[in-house]
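Chain by chain, the residues:
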Amino acid sequence: MALAAPRGEKTLAELARQYDVHPNQITVWKAHLVEAASGLFGSTGAASNAARAVDVKTLRAKIGELTLENVFLSGALTKAGLVNATR
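Residues numbered from 1 in each chain as written. Predicted model: local features only at pLDDT ≥ 70, side-chain atom pairs only at ≥ 80, totals over all residues. Heavy atoms only, no water.

Before going further, it helps to spend a moment on the overall build of the protein chain. Check the secondary structure of the protein chain and you find 4 helices and 0 strands. Traced from its N-terminal end to its C-terminal end, the protein chain shows the element sequence α-α-α-α. Surface summary for the protein chain: the accessible area is close to 7,100 Å², and the carbon and sulfur share equals 62%. (Helix = DSSP H or I, 4+ residues; strand = E, 2+ residues; numbered from the N terminus. Areas by Shrake-Rupley, 256 points an atom, 1.4 Å probe, with all protein chains shown as cover.)

Okay, structure coming up:
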C-alpha cells in the first residue's frame, strides 16, 4: 500500500477504501517510505561520513585508553607478584 501511494495511480481516498485504512495513515506511511528510501541508496551524504569519522575517532581513542590501562595494570600486578612476568 505504501508503494502504491507514491505511484499516483489511485487517489488517497481510493487507496483508503481499498485497504480499509484512514487516508492520513497512508500519508504517514508514504512519508516514512520516502524518508527510509533515501537512506537505502547511500544518499545520506557528508553528514553520515562525518558522523562515522567522529565515531571512528572516538573508538580509536577508547582503544588507546584501554590499552594504556592494560599495560599499567599488568605492570602493577607483576610488581606485586600477582602475575608471572614471563607471559
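Resuming the write-up.
Scanning the entire structure with this criterion turns up 1 salt bridge. Salt-bridge contacts for Glu 65 lead to Lys 62; the nearest nitrogen and oxygen are separated by 3.5 Å. Linking Glu 65 with Lys 62, this pair stays in helix H4 (residues 46–79), spanning 3 residues, or about one helical turn. Classification of Glu 65 by relative accessible area gives partly exposed; the value is 38%. Under the relative-accessibility criterion, Lys 62 is labelled partly exposed at 41%. (Salt bridge = Lys/Arg side-chain N within 4 Å of Asp/Glu carboxyl O. Buried < 20%, exposed > 50% of the residue type's maximum accessible area, 1.4 Å probe, protein only.)

A separate point is the nonpolar core. Most often, soluble globular proteins have nonpolar side chains that are buried together. Core analysis: the largest hydrophobic core is formed by 5 residues, namely Ala 4, Ala 5, Leu 15, Ala 16 and Ile 26. Those elements giving two or more residues to this core turn out to be helix H1 (4–7) and helix H2 (12–19). Setting aside its immediate chain neighbours within four residues, Ala 16 contacts Val 21, His 22, Pro 23 and Ile 26. (Core = buried A, V, L, I, M, F, W, Y, C linked by side-chain atoms within 4.5 Å. Contact = heavy atoms within 4.5 Å.)

Before going further, it helps to spend a moment on the confidence of the model for the protein chain. Low pLDDT means the predicted coordinates in that region are not meant to be read closely. On average, residues of the protein chain score 80 in pLDDT, and 79% of them are at 70 or above. Per-residue pLDDT, averaged within each element of the protein chain, yields its smallest value for H1 (73) and its largest for H2 (85). (pLDDT = per-residue confidence, 0-100.)

A negative phi holds for most residues other than glycine; trans holds for most peptide bonds. At Asp 20, a position not held by glycine, the phi torsion is positive, near 55°. Take Asp 20: it is sitting in the loop between H2 and helix H3 (23–40).

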